[in-house]
Amino acid sequence: MSKFWSPFVKNLVPYVPGEQPKLAKLVKLNTNENPYGPSPKALAAMQTELNDNLRLYPDPNSDLLKQAVARYYGVQGNQVFLGNGSDEVLAHIFHGLLQHDKPLLFPDISYSFYPVYCGLYGITFDAVPLDEQFQINPADYAKPNGGIIFPNPNAPTGCLLALEAVEQILKASPDSVVVVDEAYIDFGGETAITLVDRYPNLLVTQTLSKSRSLAGLRVGLAVGHPDLIEALERIKNSFNSYPLDRLAIVGAAAAFEDREYFDKTCRLVIESREQVVAQLQAKGFEVLPSAANFIFARHPKHDAAGLAAKLREQGVIVRHFKQERIAQFLRISIGAPEQNQALIDGLGDL
Ligand SMILES: *Cc1c(COP(=O)(O)O)cnc(C)c1O
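The rules we used
- Residues numbered from 1 in each chain as written.
- Predicted model: local features only at pLDDT ≥ 70, side-chain atom pairs only at ≥ 80, totals over all residues.
- Heavy atoms only, no water.
- Pairing = 2+ DSSP bridges.
- Helix = DSSP H or I, 4+ residues; strand = E, 2+ residues; numbered from the N terminus.
- Axes fitted to C-alpha atoms, helices over the stretch in contact; angles between N-to-C directions.
- Contact = heavy atoms within 4.5 Å.
- Near = heavy atom within 4 Å.
- Polar contact = N/O pair within 3.5 Å; in protein donor to acceptor, adjacent residues only side chain to side chain.
- Areas by Shrake-Rupley, 256 points an atom, 1.4 Å probe, with all protein chains shown as cover.
- Nonpolar A, V, L, I, M, F, W, Y, C, P; charged D, E, K, R; others polar.
- Parallel < 35°, antiparallel > 145°, perpendicular 65-115°, else oblique.
- Left-handed = near helix turned anticlockwise from the far one by under 90°.
- Disulfide = S-S within 2.5 Å.
- Buried < 20%, exposed > 50% of the residue type's maximum accessible area, 1.4 Å probe, protein only.
- Domains from an automatic or database assignment.
- Buried area = accessible area lost by both parts, 1.4 Å probe.
- Phe/Tyr/Trp six-rings, centres within 6.5 Å; stacked < 30°, edge-to-face > 60°.
- Core = buried A, V, L, I, M, F, W, Y, C linked by side-chain atoms within 4.5 Å.

1. Quick word on the sheet that holds strand β6 (residues 178-181)
Pairing is mixed in the open sheet, where seven strands are placed in the order β2-β8-β7-β6-β5-β3-β4. Among the strands making up the open sheet, the edge pair consists of β2 (80-83) and β4 (125-128). Each strand axis lies, on average, 20° off the axis of its neighbour in the sheet, ignoring direction. Helix-sheet contacts for helix α3 (residues 63-73) involve β2, β7 (202-207) and β8 (220-224), and the interaxial angle to β2 is about 130°. The strands touched by helix α5 (residues 113-121) within the sheet are β3 (104-107), β4, β5 (147-151) and β6, with β3 carrying the most contacts at an inclination of about 160°.

2. As for the site of the ligand
Inspection of the region around the ligand gives Gly85, Ser86, Asp87, Tyr111, Asp181, Ala183, Tyr184, Thr207, Ser209, Lys210 and Arg218 as its neighbouring residues. At a separation of 2.6 Å, an oxygen atom of the ligand approaches a polar backbone atom of Ser86. Contact between the ligand and Tyr184: an oxygen atom at 2.6 Å from a side-chain N or O atom of the residue. Contact with the protein chains removes 93% of the 380 Å² of surface that the ligand exposes when unbound. Its residues assigned to classes, the shell around the ligand comprises three nonpolar, four polar and four charged.

3. Remarks on the packing of helix α9 (residues 259-282) against helix α11 (residues 337-347)
It is at 11 Å that the axes of α9 and α11 come closest, and there the two elements cross at 5°. Judged by the angle between their axes, α9 and α11 are roughly parallel. Across the interface between the two elements, Ser272, Val276, Gln279 and Leu280 from α9 touch Asn340, Gln341, Leu343, Ile344 and Leu347 from α11. Here the residues of the contact of α9 with α11 are counted per class, giving five nonpolar, four polar and no charged.

4. Structural notes on the packing of α3 against helix α8 (residues 246-257)
Close contact between α3 and α8 brings their axes to 8 Å; oriented N to C, the two are set at 15°. The angle between α3 and α8 places the two elements in the roughly parallel class. In this structure, the crossing between α3 and α8 has a hand that is left-handed. Residues Leu64, Leu65, Ala68, Val69, Arg71, Tyr72 and Tyr73 of α3 touch α8, and the partners they reach there are Ile249, Val250, Ala252, Ala253, Phe256 and Glu257. By residue class, the composition of the contact of α3 with α8 is 11 nonpolar, no polar and two charged.

5. Some remarks on the state of the cysteines
Per the counting criterion, the structure on display carries zero disulfides. You can see Cys159 has no disulfide; the closest cysteine sulfur is in Cys266, sitting 19 Å from it. Residue Cys159 is classed as buried on the basis of its relative accessible area, which comes to 5%.

6. Description of the sheet that holds strand β12 (residues 329-333)
The sheet built from three strands is open, its strands ordered β9-β10-β12 with antiparallel pairing. Only two strands of the sheet have a single partner each, and these edge strands are β9 (286-287) and β12. Packing against the sheet, α9 makes contact with β9, β10 (294-298) and β12, and its axis sits at approximately 10° to β10.

7. Focus: the domain arrangement of the chain
Segmenting the chain into domains produces domain 1 (2-37 + 260-347) and domain 2 (40-258). For domain 1 and domain 2, the distance between their C-alpha centroids amounts to 22 Å. Taken together, the 33 residues of domain 1 in the interface contact 34 residues of domain 2. Among the residues of domain 1 in contact with domain 2, Tyr15, Phe262 and Arg325 are the three that bury the most area, contributing 28% of the side total.

8. Some details on the pairing of β12
Burial analysis of β12 places five of its five residues in the buried class, the great majority of the element. Of the two faces of β12, the one carrying Phe329, Arg331 and Ser333 and the one carrying Leu330 and Ile332 are both buried.

9. Thoughts on the packing of aromatic side chains
On inspection of all chains with the given rule, the structure shows 17 aromatic pairs. Relative to Phe262, the ring of Tyr72 lies with its centre 6.4 Å away and its plane at 90°, an arrangement referred to as edge-to-face. Here Tyr72 is found in helix α3, whereas its partner Phe262 is found in helix α9, with 190 residues between them in sequence. When its relative accessible area of 17% is taken as the criterion, Tyr72 is described as buried. According to the relative accessible area criterion, Phe262 is buried, its value standing at 8%. Look at Phe106 and Phe125: their rings are 4.9 Å apart centre to centre, the planes differ by 25°, and that puts the pair in the stacked class.

10. Some points on the nonpolar core
Across soluble globular proteins, nonpolar side chains show a tendency to be buried alongside one another. Core analysis: the biggest nonpolar cluster contains 86 residues, and Leu65, Phe150, Leu202, Phe256, Leu280, Val318 and Leu343 have the highest contact counts within it. For this core, the element with the highest residue contribution is α8, accounting for eight residues. Here this core spans two domains, since at least three of its residues come from each of domain 1 (2-37 + 260-347) and domain 2 (40-258). In this structure Leu202 touches Leu170, Val178, Val180, Ala192, Leu195, Val196, Val223, Gly224, His225 and Leu228, once residues within four positions along its chain are discounted. Counting residues in each nonpolar core, the second largest holds 27 residues, with Tyr111, Tyr114, Leu203 and Ile229 among its members.

Here's what the structure looks like:
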């Protein structure tokens, strides 16, 4: 702290991202990165773009990418918003669409950035408990609110909410914006983007960080009614006109065009997930049903923090949250087969 800080900064509680170790040897299963790397076509597009044109500003509207996303999902360009990672997209959503008198609703166990944005933008919230099976119960959200947000599949549980249940939440709060954060939807869920034309209060966010293996590029998006998108464009153009650089625009567009690589790598992650789940269950773990590229598991006889420390000694890092209700769980990203094997070996005989 310093005398130069504004009172606002003194009271800010920032998000703590998962560790990005400087040691290359560690088996990193802690931040849900994709082991397969970006589409070779995305890499080639970025290499071509790596030229003298970098002296020029990028297209402030990222139209090339907007059109690629619109084509992919069968929506119009004015239904798509783009940002520097979906975290930035989410920040603009909190600022522009969720700041109201009534509290914002989200699950008690959910993406830990949500309460941080509430702090940043002065939004009051009401954390709605997941049920005993760690599932979202749509009926719990049918109460007065200034907005609703939840990841689907949920993070860090990995549990998927069926599209009919998402619709139930939308129908019960027609006067609030309902944000479905689909960071992990491509690993086994069905996107709610198919519902945006029927629900003007629905906003769906996605990221290229997980299923398209471009966490280092920082590209995220939102799809919804043009009126919702316009609010986000207003904020963006009052904050940073060029959130996506030239490399990000062409790389992300090429990644969306390469369906074959995308389908193949998602399938490999899903197959590995099912294998890791079975291996952990064989060791006595209880694993929540996952539709994501990570699993959330606890062992009835072993302390989660202890297991995380033991794995770290073996060079495997997983994520442990010191939070009530989930303090005995580990969140484990699905890696390449040899990384997953290192996890299983690192746990040893329990
Ligand atoms: C990873 C993640 C994001 C952020 O993705 P970026 O596009 O990398 O900023 C958003 N929401 C959830 C639930 C995530 O897990």
